[in-house]
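A closer look at the structure
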Amino acid sequence: MGNPLAAGSSLTIVSAMITPAILILAAGSLVNTTLVRLGRAVDRSRWLIERGDEYHASGNRNAMRVTEERLERQLKRAEYSRLALSGYYVAIALFLVSSLAIAINQLVGDPFPMIGPAIVILGGIVLLMSTAAVVFEVNISAGTLREEARQFRQRELDP
């Protein structure tokens, strides 16, 4: 007599799917922030390339050396941002799959009760690792700013 799609059952399924949905929103916010950081690293790299061309044309080898060092740091920043973005996208995909797995598992009578939570946990691990990449990127960014200030004070770009 019990309909598997009764109101109580439907509510249980939807309730179980909420946690992955919230994690998807959180990961999406992290994607947005990381895309902004990547854009800044790209813009800064392009600006450094332009300055490097100018220093090369004027023969300022010292400024070229400093610019190449700065450019290398920006490339590292961009790589960490790219790694973080890739991880965030994987985490979002895992959260989507977990939400579907929870719903399907509930619809077929709950034969694998841990499959959805296990996928959510895996997504959380990927999310954590991706956030660690952003922490590395932020530290490179802060270190670059300190180094540029030091170079300015010591006039390292002077010919």
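Structure first, text after, so check above.
Calculation criteria
Residues numbered from 1 in each chain as written. Predicted model: local features only at pLDDT ≥ 70, side-chain atom pairs only at ≥ 80, totals over all residues. Heavy atoms only, no water. Salt bridge = Lys/Arg side-chain N within 4 Å of Asp/Glu carboxyl O. Helix = DSSP H or I, 4+ residues; strand = E, 2+ residues; numbered from the N terminus. Buried < 20%, exposed > 50% of the residue type's maximum accessible area, 1.4 Å probe, protein only. Core = buried A, V, L, I, M, F, W, Y, C linked by side-chain atoms within 4.5 Å. Contact = heavy atoms within 4.5 Å. Patch = residues over 30% accessible without salt bridge, like charges linked within 9 Å, V, L, I, M, F, W, Y side chains within 5 Å. Areas by Shrake-Rupley, 256 points an atom, 1.4 Å probe, with all protein chains shown as cover. Expected span 1.5 Å × (residues − 1).

Side note on the pattern of salt bridges
Overall, the coordinates contain nine salt bridges when judged by the stated rule. Here arginine 65 makes a salt bridge to glutamate 69, at a shortest N to O gap of 3.0 Å. Taken together, the positions of arginine 65 and glutamate 69, both in helix H2 (residues 61–107) and four residues apart, correspond to about one turn of that helix. Arginine 65 sits in the partly exposed class, given a relative accessible area of 37%. Residue arginine 77 is joined to glutamate 137 by a salt bridge in which the shortest nitrogen-to-oxygen separation is 2.7 Å.

Some words on the environment of arginine 40
As for its position among the elements, arginine 40 is in helix H1 (residues 7–58). Of the residues examined, arginine 40 reaches a relative accessible area of 54% and is grouped as exposed. Taking the C-alpha atoms as reference, arginine 40 lies 21 Å from phenylalanine 152; in sequence the two are 112 residues apart.

Some points on the nonpolar core
One finds Val31, Ala84, Tyr88, Ala91, Phe95 and Leu127 to be the most contacted residues of the largest nonpolar core, which totals 16 residues. Elements that contribute at least two residues to this core include exactly H1, H2 and helix H3 (115–153). The element contributing the most residues to this core is H2, with eight residues. Setting aside residues no more than four positions away along its own chain, leucine 127 makes contact with Ala27, Leu30, Tyr88, Ala91 and Phe95.

Describing the environment of leucine 48
Its place among the elements puts leucine 48 in helix H1. Separated by 23 residues in the primary sequence, leucine 48 and leucine 71 place their C-alpha atoms 6.3 Å from one another. Not counting residues up to four positions away in its chain, the partners in contact with leucine 48 are Thr67, Arg70, Leu71 and Gln74.

What to know about the side chain of glutamate 148
Relative to the helices and strands, glutamate 148 is located in helix H3. The class of glutamate 148 is buried, set by a relative accessible area of 14%. Not counting residues up to four positions away in its chain, the partners in contact with glutamate 148 are Arg44 and Arg70.

Side note on the side chain of arginine 37
On the secondary structure map, arginine 37 appears in helix H1. Every residue in contact with arginine 37, bar those within four places of it in the chain, is listed here: Arg77, Ser81, Glu137, Val138 and Ser141.

Digging into a nonpolar patch on the surface
Judged by side-chain polarity, Leu100, Ile104, Leu107 and Val108 come together as a nonpolar surface patch covering roughly 390 Å² of accessible area. Counting through the fold element by element, valine 108 comes out in the loop between H2 and H3. On the basis of relative accessible area, valine 108 is assigned to the exposed category, the value being 54%.

Regarding H2
Counting along an α-helix, one turn takes 3.6 residues, and residues three or four places apart therefore face a common direction. An ideal rise of 1.5 Å per residue puts 69 Å on 47 residues; H2 measures up with 69 Å between its terminal C-alpha atoms. One or two residues past the end of H2 sits glycine 109, with phi positive at roughly 95°.

A look at H3
Over its 39 residues, H3 runs 58 Å from end to end, which matches the ideal 57 Å to within 8%, given 1.5 Å per residue. In the segment just after H3, arginine 155 is the residue with positive phi, at about 55°.

Everything listed is a geometric property; what it means functionally is a separate question.
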